[in-house]
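Each chain, letter by letter, is given below.
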Amino acid sequence: MADRCPGGLGAGSRRLGPAAAEARDTSAARRLAAGAPRARGAACALACLLAAGLAAACEPAPTSPPAPTPSQSPPVAPLAALPRPAVAETQAPTGAAHASNPLGLPASPIKLDPGRRVFTVSERMLAGAKLGSTLVLYAATVVGFEGDDLIVEGRGGPSYKVHPGYVVPVPDAPRLRPHEPVLTEWNGVMKHAVVTRFVKDKIEVRYTDMDPRTPLAQLKGVRFVVQTEGLAPGNFAAWKDGETWRHVLLVSRLGGPPAESGAVLTSLPSSSARWFALGYGGAALLADESALRPIPVKPRLKLGASVWAEWVGALRPAVVQSAEETGLYTVKFERAGRPVTLGWGLLTPPLEP
């Protein structure tokens, strides 16, 4: 309040200046004192009114809220306000829950040599996780085994145990080529990207699941996984949840017959397999394989083509406006104004029911 009424001046001081305001208040006080013998009661009343006016003048002036600016894109709802997938709350896992497997994922044997690199959930996020919890895949290194669990070591942290179902393996020496979709890192977090070129001992990439204005990155000594088409760990997929097609990140396949070597998994209506996946905001969920459809890792879309594009975790109808650079498309959503730029893995040709 002091900043609005320096020195305790009245409302008029903001218009008259400090000197004029002081003279005005002094004059008012003298007139009040002169009239005291005649009407002390009236003087007291006038003094009270003057004090009330001064106090009111020091109150913050009401301001009108700024006029809302019409959005040109589909509205982005706060994460907490968005409904979680129903399956994330109702379908229970089948394994035993413990520190390395808080979600109780069923057995998912995986053979990796010590020293192999992986993407997995951090120990802090793993602790107390449940279906619907937000999980993020970080870079880590396998240092040993204990039963079916892997013992991994993150960046600068102590080693800890993790169930194989929370792990995306990374090959030791992948063969990379320009314009190839890959899984790689950004500050230790698993990200999707496309290889743009080779610069001496570095590999330049464009991230495709981040803000399209993110500059190209030249990486050295980080992890790479060459993406292949189909349902595979690290790929994006469309999951039919009731009447809604949701955009999910696949982590591991659980149960069902083992996939044949080199086979491209699509959707198997009679399959008993399920997938551990991450939905919008990294929400952990389990999805039946029969309800999943692969999203192309390297889509080839023509201008004007109808597509389904990701927006706040769901796939919505859109039209391709342009293919600006490798790994990026610009699309315009139905019933929305401004086009948006999305990367590979975030849009797909319309899917059959």
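As the structure is a prediction and not an experimental result, all values here were calculated from the model. (Residues numbered from 1 in each chain as written. Predicted model: local features only at pLDDT ≥ 70, side-chain atom pairs only at ≥ 80, totals over all residues. Heavy atoms only, no water.)

Novice: What am I meant to see in the overall build of the protein chain here?
Specialist: Scanning the protein chain for helices and strands turns up five helices and 20 strands. Across the protein chain, every contact between residues at least 6 apart in sequence was considered, and the portion connecting residues at least 24 apart equals 56%. Just so you have it, the protein chain exposes about 19000 Å², and 57% of that area is on carbon and sulfur atoms. (Helix = DSSP H or I, 4+ residues; strand = E, 2+ residues; numbered from the N terminus. Contact = heavy atoms within 4.5 Å. Areas by Shrake-Rupley, 256 points an atom, 1.4 Å probe, with all protein chains shown as cover.)

Novice: Would you take a moment to explain empty space enclosed by the protein for this structure?
Specialist: It is the rolling of a water-molecule-sized probe over the atoms that shows where space remains empty. Scanning the entire structure with this criterion turns up one cavity of 30 Å³ or more. Computed from the structure, the largest cavity encloses a volume of approximately 80 Å³. Taken together, Pro181, His192, Ala193, Thr208, Gln227, Asn235, Phe236, Ile295, Pro296, Val297, Trp344 and Gly345 make up the full set of residues lining the largest cavity. Counted by class, the lining of the largest cavity contains seven nonpolar, five polar and no charged residues. (1 Å grid on protein atoms, 1.4 Å probe; cavity = no way out; pocket = protein on both sides within 12 Å on 5 of 7 lines; lining within 4 Å. Points joined across faces, edges and corners; volume = space filled by probe spheres on them. Nonpolar A, V, L, I, M, F, W, Y, C, P; charged D, E, K, R; others polar.)

Novice: Explain the environment of Asn187 to me, please; I cannot follow it from the model alone.
Specialist: Within the fold, Asn187 resides in the loop between β6 (181-186) and β7 (189-199). Overall, Asn187 belongs to the exposed group, its relative accessible area being 60%. Residues Asn187 and Ala139 lie 48 residues apart in sequence; the distance between their C-alpha atoms is 9.1 Å. (Buried < 20%, exposed > 50% of the residue type's maximum accessible area, 1.4 Å probe, protein only.)

Novice: Even after reading the chapter, I still don't get unusual backbone geometry, so can you show me in this structure?
Specialist: Within the chain, Asn187 stands out as a residue other than glycine whose phi angle is a positive 55°. A positive phi is found at Val312, a non-glycine position, where the angle reads about 45°. Within the fold, Val312 resides in the loop between β16 (306-311) and β17 (314-322). According to the relative accessible area criterion, Val312 is buried, its value standing at 18%.

Novice: When you look at the pairing of strand β8 (residues 202-207) in this model, what are you seeing that I'm missing?
Specialist: The two faces of the sheet receive side chains in turn, since in a regular strand these alternate between them. Of all the six residues making up β8, five are buried; the element is thus mostly covered by neighbouring parts of the structure. Bridge count between β7 and β8: six bridges; the pairing is antiparallel. When the bridges of β8 are listed, Val195 appears paired with Val205. Hairpin connection, β7 to β8: the antiparallel pair is bridged by two residues, and Lys200 has positive phi, about 55°. Here β8 runs beside strand β9 (residues 217-219); their pairing, made up of three bridges, is antiparallel. Paired with Val205 across the bridge in β9 is Ala217. (Pairing = 2+ DSSP bridges.)

Novice: I keep staring at the packing of aromatic side chains and nothing clicks. Help me out?
Specialist: Each aromatic ring pair is characterised by the separation of its centres together with the angle its planes make. Scanning the model with the defined rule gives three aromatic pairs in all. Residues Trp245 and Trp308 carry aromatic rings whose centres are separated by 6.1 Å and whose planes lie at 45° to one another, so their mutual orientation is tilted. Of this pair, Trp245 sits in strand β12 (residues 244-254) while Trp308 sits in strand β16, and the two are 63 residues apart along the sequence. The exposure class of Trp245 is buried, given its relative accessible area of 9%. Plain terms: the ring middles of Trp311 and Phe333 are 5.4 Å apart, the flat faces sit at 70° to each other, and that makes the pair edge-to-face. (Phe/Tyr/Trp six-rings, centres within 6.5 Å; stacked < 30°, edge-to-face > 60°.)

Novice: How should the side chain of Lys191 be read in this particular structure?
Specialist: The residue Lys191 is located in strand β7 in this model. Lacking a salt bridge, the buried Lys191 has Asp209 as its closest oppositely charged neighbour, with an N-O distance of 4.6 Å. Setting aside residues up to four positions removed in sequence, Lys191 forms contacts with Val182, Leu183, Thr184, Trp186, Tyr207, Asp209 and Met210. (Lys, Arg positive; Asp, Glu negative; His and termini not counted. Salt bridge = Lys/Arg side-chain N within 4 Å of Asp/Glu carboxyl O.)

Novice: Even after reading the chapter, I still don't get the confidence of the model for the protein chain, so can you show me in this structure?
Specialist: Any residue range with low pLDDT should be treated as having predicted coordinates unsuitable for detailed reading. On average, residues of the protein chain score 78 in pLDDT, and 69% of them reach the 70 mark or higher. Confidence drops under pLDDT 50 across residues 1-90; counting only partners more than four residues distant or on other chains, this segment forms 68 contacts. (pLDDT = per-residue confidence, 0-100.)

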